[in-house]
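Architecture at a glance
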Amino acid sequence: MGYMENMGNMGNMENMENMGNMENKTKTTAKEKKKTEALLKVENISLSFIQYASGLRQTELKVISNLSIEAHSGEILAVVGSSGSGKSLLAHAILGILPSNAKLDGKMEYNGQQLTPEKKEEIRGKEIALVPQSTNYLDPLMRISNQVIGCVEEKNEGLMKKVQRDIFQKYDLKPDVDRMFPHELSGGMTRRVLVSTAVMSSAKLIIADEPTPGLDEKTLNETLSYFKDMANRGCAVILITHDIEAALKISDKIAVFYAGTVLEVANVEDFKNNGENLRHPYTRALWNALPQNKFQAIKGHQPMQDEVIDGCIFYERCSKKNELCSKGIPQLKSVNGGVVRCNNVS
Amino acid sequence: MLDKDKIAGFIGNKILRLLSLLIVVCFVSFMLIQYSPIDPVRAYIGEMPVSAEHKANLEEYWGVNTPPQEKFLNWAGDALKGNFGISLIYRMPVTDVIKERFTASLVLMAASWLFSGILGFILGIIAGMKKGTWIDKTIKIYCYVLAATPTFWLALILLMVFSVYLGWFPIGLSVPIGVTAENVTFLDWFLRLILPALTLSLLGVAQIALFTREKLIEVLSSDYVLFAKARGEKGLDLVLRHGIRNVALPAITLQFLGFSELFGGTVLVEQVFSYPGIGQAAVAAGLRSDVPLLLGIVIVSACFVFFGNAIADLIYQFVDPRIKQQEASI
Amino acid sequence: MSTAVVTVNKGVFRGFNLRQKTLLIIGFTSLLLLAIVISSVEFGDESLHTNFGSKNLNPSPEHPFGTDWMGRDMFIRTLKGLGSSIMIGAFASTISTILAIILGLLSSTGKIADSFIAWLVDLFLSIPHLLLIILISIGFGGGATGVIIGVALTHWTGLTRVVRAEIKQLKTQEYIHISRNLGKSKWWIATKHIFPHLIPQIFLGTILMFPHAILHEASATFLGFGLSPHEPAIGIILSESMKYLSAGYWWLAFFPGLSLLIVVLAFDMIGENLGKLIDPKNAHE
Ligand SMILES: Nc1ncnc2c1ncn2[C@@H]1O[C@H](COP(=O)(O)OP(=O)(O)OP(=O)(O)O)[C@@H](O)[C@H]1O
Ligand code: SF4
Ligand SMILES: [Mg+2]
């Protein structure tokens, strides 16, 4: 909890030993984090769907495999991956709100306790909050303020209403928004409303699913700053996005998601120059694909979910592959303060 | 302001549509009957003695000697003045017969419409909430069986059980034609209503329950319910907060769209229970070639169905805030 | 009985996967319906001899559905009635399907045709269905022919809408644009490209029409518009039974109606399970 104090004093420069540059500051905090236990630990989970294809033939579709991540209090973990790689499903798996035909294996721990389905049901909305991906996640026929307040006992309603109004005020949502229906909101307003729901909940772990698409530069920065605020208040934030630049602006760590698994968890300061500090070939390729870097797109595409792959999942597209890579999934290795799943790293 | 204009426009539009529909319906029905090999005058006269003068009048109006177009124009001209002719079998103006009969039927239909709507909605919500459990399966099977049940058979079974076996209700429920509404006590009337209304209600449940179930399952797998769950809402609270809100409008709309089937059911049920409503009159008019009455009933039933559809439309366009908004922004 | 079918599913079909189960249900029910039709034709009219020595008998092993006031075996009468119901249903559904296909394809040929057909559908739906059947049957001279024509001419609306919607969707697809650019005629595209894709939907639509057609025919007959009293029909049997209700001859109405219910349910089940095979989206329910 010493960390929280530290964060609380962030504005107070005198307390900071190292006030040279931004990068160093993040490094220290990140290192400090290593020592404390993770708030959320996801170990080796896999997720598949049982489906019926035409003619009622049963098939199993694997969408997440061997995935591990950790989220620490006061830290933002960005989960970056392309569309359809299973990011939203990861969020839903943590909250225990997967569809009924989904099959989830593996281990999750929250605050040192096993995260069973019952436990998930008990703490979701209270300890863990979701900031969902789109307007579709708001009830189309319910007025905004009722939704944001949520399901509360009658005697608390007045109080909650006030809290909601305060939060809206802070996010610059005018009083008439309270009585609007979701379809009457603009994209930016929707974002702020969705973020407010998480703030209302006073949760310790916030999972934000793609909170930034379709926002202009200013609103984007504003939205990101909300999450930074939450982390500064001591929450653990998992920021799901496919916008690597946005992720780099505020995150402490970046988990690179590819075809249903995490290939690397890197510290934000590893993303610099030519990406020589990055561990996985895919991460490096992603970095180099950015316009301000080499602007080189990677060839090929993500494997489909029904393709069976024995070796490294990135094998097809990797420029550094060797024989070993097609035989067995590479082990997860800790390298230089991050983790990576690649044979070619030491 | 805007709403007022819109509603006026809506009503105007509906009235125009109803008028054009009625013209076509009348014309087509009239021609169908005219070109039928059945000769109304003979069918009618075959039953009872009439004076030569009366017969000549009828011949002139309905007889084979007048060309159909002329007959239609005669009839339509009178109809426009509110005169739909004299019912051949009841020997009363068609408008009077319909007024009396339709009122009786309306009571029956309204009772079963309400009851089946409420019961069906509740059953559908329960089944959808408990999807996959034995409760859901029981409700589903009940609905499937009911949907396959011949209306008149269920009516017969209820009649056998409650009137013949238990003796709770008289068997011959009919009141002779000519006994007017005032001569029937409220209790008589109520007793006559119960079994037919029960039959129609039981059958009406199936469609609305299955629809509500489907809709609720759809809503429960929507993103917004997912989010509500993620925020810790669950169980009955969740269904009450988000389920009912989103299912009610489509379910009510469907119930209004069901006027046509309701009318068909009434025809059958009235026949079995000898309930003196418009359905029974329709069957009598059809079997005994009472052309003026049959045409009158066709018109009334078309208006009735149209009215249901119009209300469904109204709900869709004015009550759902999403649609309201879209229209306003255009 | 119907509940029994469903519970039997559970016991007997355990260990089969959904596909096998679905196919088995379709197979069984089709077989049952086929057996009814064949045996109704097989029993000659002589098996319906009047026999006043054995009139108004309770159901017994010898006469499982009892006998009527003329001593006729109600089981055989019911079977024959069901047979004719199914055949009338088949005929009416076929005619309605053909109408639906023609009108549906026609609606794809142009804007005017399309709105005309939409209007025609609305017109047919504007009068309560049963009343419409009565009206048409009178128009065609009443009797069995009248009712059969009435049923056949009024069940196409739903399938026409399906076909229309399906075509609208198909038309947005690439290869149809290409054919159009190659200068193929509208009718050529409709029959060569669009129609084959519609076959599963049409087949399903026809099956789903059956129960409605059968019930409507029985209803109209019950009301007295259809088949004449000496012809075998469930509607006739039931309207006759009304005369004997107060005498307590419950079997006259009970079994024939229940059998009709089961036949209708069987068609519903076939339709539902075929639907699952064609479109498995909702299969995991
Ligand atoms: N209920 C389901 N049944 C089967 N497959 C599903 C189901 N839900 C999602 N999927 C599949 O899982 C994959 C991952 O979906 P997910 O929504 O997690 O992607 P994502 O990474 O969040 O993408 P995006 O960036 O577009 O939001 C998708 O390819 C999708 O097709
Ligand atoms: S394991 Fe092999 S194939 Fe996979 S990323 Fe590393 S080098 Fe490339
Ligand atoms: Mg997503």
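What you see is a predicted model, and the numbers here were worked out from it, not measured in a lab.

Observations regarding the overall build of chain C
Broken down by element type, chain C carries 11 helices and 0 strands. For chain C, the N- to C-terminal ordering of α and β elements is α-α-α-α-α-α-α-α-α-α-α. By residue count, 51% of the 285 residues in chain C fall in the buried class. Pairs at least 24 apart in sequence give 68% of the contacts found in chain C among residues at least 6 apart. When the accessible surface of chain C is summed, it comes to about 13,000 Å², and 67% of that surface belongs to carbon and sulfur atoms.

What about the site of ligand 1?
All names here are of chain A. In the neighbourhood of ligand 1, 17 residues make up the surrounding shell, with Ser-83, Lys-87, Ser-88, Gln-133 and Gln-305 lying closest. Contacts to ligand 1 include Gly-84, whose backbone N or O atom sits 2.8 Å from an oxygen atom. One of the side-chain N or O atoms of Glu-210 is found 2.8 Å from an oxygen atom in ligand 1. Every element with two or more residues in the shell around ligand 1 is listed here: strand 1 (40-53), strand 2 (57-71) and helix 3 (87-95). For the shell around ligand 1, a count of residues per class yields 5 nonpolar, 10 polar and 2 charged.

Side note on the confidence of the model for chain C
All names here are of chain C. When pLDDT is averaged across chain C, the result is 80; 87% of the residues are at 70 or more. Ranking the elements of chain C by mean pLDDT puts helix 1 (residues 2-13) last with 35 and helix 5 (residues 129-139) first with 91. Here residues 1-13 is modelled with pLDDT under 50, and outside its nearest four sequence neighbours on either side it reaches 14 contacts, counting other chains as well. Confidence estimates for the predicted assembly give a pTM of 0.83 and an ipTM of 0.86.

Structural notes on helix 9 (residues 186-223) of chain C
All names here are of chain C. The first and last C-alpha atoms of helix 9 sit only 45 Å apart over 38 residues, clearly below the 56 Å expected at 1.5 Å per residue. Within helix 9, the axis deviates most sharply at Phe-195, by approximately 50°, and proline Pro-196 lies no more than four positions further along. Positive phi appears at Gly-224, one or two residues downstream of helix 9, with a value of about 105°.

Examining the nonpolar core
Ranked by size, the top nonpolar core spans 127 residues in total, and within it B:Trp75, B:Phe263, B:Leu293, B:Ile297 and C:Leu223 carry the most contacts. Ranked by the residues each element gives to this core, the list is headed by helix 13 (residues 291-319) of chain B, at 15 residues. Each of two domains, domain 1 (14-80) and domain 2 (94-329) of chain B, supplies a minimum of three residues to this core. If you look at the next biggest cluster of nonpolar residues, it comprises 77 residues, including A:Leu39, A:Leu138, A:Val148 and A:Val265.

Considerations on the side chain of B:Ser301
Within the element layout of this structure, B:Ser301 appears in helix 13. For B:Ser301, a relative accessible area of 0% translates into the label buried. Discounting chain neighbours no more than four positions away, the residues touching B:Ser301 are B:Phe263, C:Ser126, C:Ile127, C:Pro128 and C:Leu131.

Some remarks on the interface of chain B and chain C
When the parts of a complex come together, some accessible area is lost, and that lost area is often used as the size of the interface. Between chain B and chain C, the residue contacts involve 49 residues of the former and 44 residues of the latter. When the two sides are added together, the surface that chain B and chain C hide from each other amounts to roughly 3,800 Å², 80% of it contributed by carbon and sulfur. Counting the contacts that link chain B with chain C gives 0 salt bridges. Counting residues per element, the ones that place at least two in the side of chain B that touches chain C are helix 1 (2-34), helix 6 (134-148), helix 7 (151-165), helix 8 (186-220), helix 11 (259-273), helix 12 (278-287) and helix 13 of chain B. Tallied by class, the residues present in the side of chain B that touches chain C amount to 35 nonpolar, 8 polar and 6 charged.

Regarding the packing of helix 13 of chain B against helix 5 of chain C
Viewed as axis vectors pointing N to C, helix 13 of chain B and helix 5 of chain C meet at an angle of 150°, and their least axial separation amounts to 11 Å. When the axes of helix 13 of chain B and helix 5 of chain C are compared, the crossing they make is left-handed. Contacts between helix 13 of chain B and helix 5 of chain C involve B:Leu294, B:Ile297, B:Val298 and B:Ser301 from the first element and C:Leu131, C:Leu135 and C:Ile138 from the second. Of the residues contributing to the contact of helix 13 of chain B with helix 5 of chain C, the split by class is 6 nonpolar, 1 polar and no charged.

Conventions we followed
Residues numbered from 1 in each chain as written. Chains lettered and ligands numbered in written order. Predicted model: local features only at pLDDT ≥ 70, side-chain atom pairs only at ≥ 80, totals over all residues. Heavy atoms only, no water. Helix = DSSP H or I, 4+ residues; strand = E, 2+ residues; numbered from the N terminus. Buried < 20%, exposed > 50% of the residue type's maximum accessible area, 1.4 Å probe, protein only. Contact = heavy atoms within 4.5 Å. Areas by Shrake-Rupley, 256 points an atom, 1.4 Å probe, with all protein chains shown as cover. Near = heavy atom within 4 Å. Polar contact = N/O pair within 3.5 Å; in protein donor to acceptor, adjacent residues only side chain to side chain. Nonpolar A, V, L, I, M, F, W, Y, C, P; charged D, E, K, R; others polar. pLDDT = per-residue confidence, 0-100. Expected span 1.5 Å × (residues − 1). Bend = angle between axes of the 7 residues up to and from the residue. Core = buried A, V, L, I, M, F, W, Y, C linked by side-chain atoms within 4.5 Å. Domains from an automatic or database assignment. Buried area = accessible area lost by both parts, 1.4 Å probe. Salt bridge = Lys/Arg side-chain N within 4 Å of Asp/Glu carboxyl O. Axes fitted to C-alpha atoms, helices over the stretch in contact; angles between N-to-C directions. Left-handed = near helix turned anticlockwise from the far one by under 90°.

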